[in-house]
Amino acid sequence: MKILGIESSCDETAAAVVADGVTILSNRIASQVDIHARYGGIVPEVASRQHTLAIIPIIKEAMAQAGTGWRDLGGIAVTAGPGLAGSLLVGVNVAKALALAHSLPLTGVNHLEGHIYANWLGGKPVFPWCASSFPAGTATWC
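Calculation rules
- Residues numbered from 1 in each chain as written.
- Predicted model: local features only at pLDDT ≥ 70, side-chain atom pairs only at ≥ 80, totals over all residues.
- Heavy atoms only, no water.
- Phe/Tyr/Trp six-rings, centres within 6.5 Å; stacked < 30°, edge-to-face > 60°.
- Buried < 20%, exposed > 50% of the residue type's maximum accessible area, 1.4 Å probe, protein only.
- Helix = DSSP H or I, 4+ residues; strand = E, 2+ residues; numbered from the N terminus.
- Expected span 1.5 Å × (residues − 1).
- Bend = angle between axes of the 7 residues up to and from the residue.
- Salt bridge = Lys/Arg side-chain N within 4 Å of Asp/Glu carboxyl O.

Engineer: What should I look at first to understand the packing of aromatic side chains in this one?
Structural biologist: Any pair of aromatic rings gets described here by the distance separating the centres and the angle formed by the planes. Enumeration over the complete set of coordinates arrives at one aromatic pair. Aromatic side chains Tyr 117 and Trp 120 sit 5.8 Å apart centroid to centroid with 40° between the ring planes, which places their arrangement in the tilted category. The class of Tyr 117 is exposed, set by a relative accessible area of 56%.

Engineer: Would you mind going over helix H2 (residues 44–66) with me for this structure?
Structural biologist: Given 3.6 residues to a turn, an α-helix orients residues that are three or four positions apart in the same direction. Across its 23 residues, H2 extends 31 Å between first and last C-alpha, which sits within 8% of the 33 Å expected from 1.5 Å per residue. Along H2, the sharpest kink reaches roughly 40°, centred on Ala 54 and followed within four residues by the proline Pro 57. Looking only at H2, the buried set comprises Ala 47, Ser 48, His 51, Ala 54, Ile 55, Ile 58, Ile 59, Ala 62, Met 63 and Ala 66.

Engineer: Hey, could you run me through the pattern of salt bridges in this one?
Structural biologist: Following the criterion strictly, the structure yields two salt bridges and no others. Across the pair Glu 61 and Arg 28 runs a salt bridge whose closest N-O atoms are separated by 3.0 Å. Separated by 33 residues along the polypeptide, Glu 61 in helix H2 and Arg 28 in strand S3 (residues 23–31) bring together distant segments of the chain. Relative accessible area serves as the criterion here: at 34%, Glu 61 is assigned to the partly exposed category. The class for Arg 28 is partly exposed, based on a relative accessible area of 31%. Across the pair Arg 49 and Glu 45 runs a salt bridge, and its minimum N-O distance is 2.6 Å. Of this pair, Arg 49 and Glu 45 both sit in helix H2, four residues apart, which is roughly one turn of the helix. On the accessibility criterion, Arg 49 (56% relative accessible area) is exposed.

Next up, the structure:
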């Protein structure tokens with residue numbers, strides 16, 4: 001199953017297509033670092049306006065890079081919070097519109113949980129406390 005993921009919680013607009021929960025088929029990011037640098041930090045209103053400009057092109061790039069059409073998708077996942085309210089609204093509303101237009105299920109993802117579970121993309125991660133990180137026989141949990 002292929003899922004389109006959309007992220008717009010702060011100052012970067014991102015879209016990715018992931019297969020079977022672990023294989024990254026595409027990952028496209030539009031950064032706003034240069035725009036906010038002159039202010040010494042992120043300006044929420046500027047961030048949300050930039051998401052509005054970048055989100056559709058980034059989604060199109062991610063779908064093209066993955067060689068995936070709308071009929072190939074099993075669903076859409078979108079960051080639903082926490083994050084900047086205006087930035088989240090852009091991503092969530094675009095995701096809702098696309099899910100409705102293409103009759104796809106929509107899943108809201110907690111931003112912090114997404115950071116944790118991203119470690120499983122590409123396969124099972126090896127954490128410092130796993131047995132494979134220690135000499136044989138010194139750790140048995142994982």
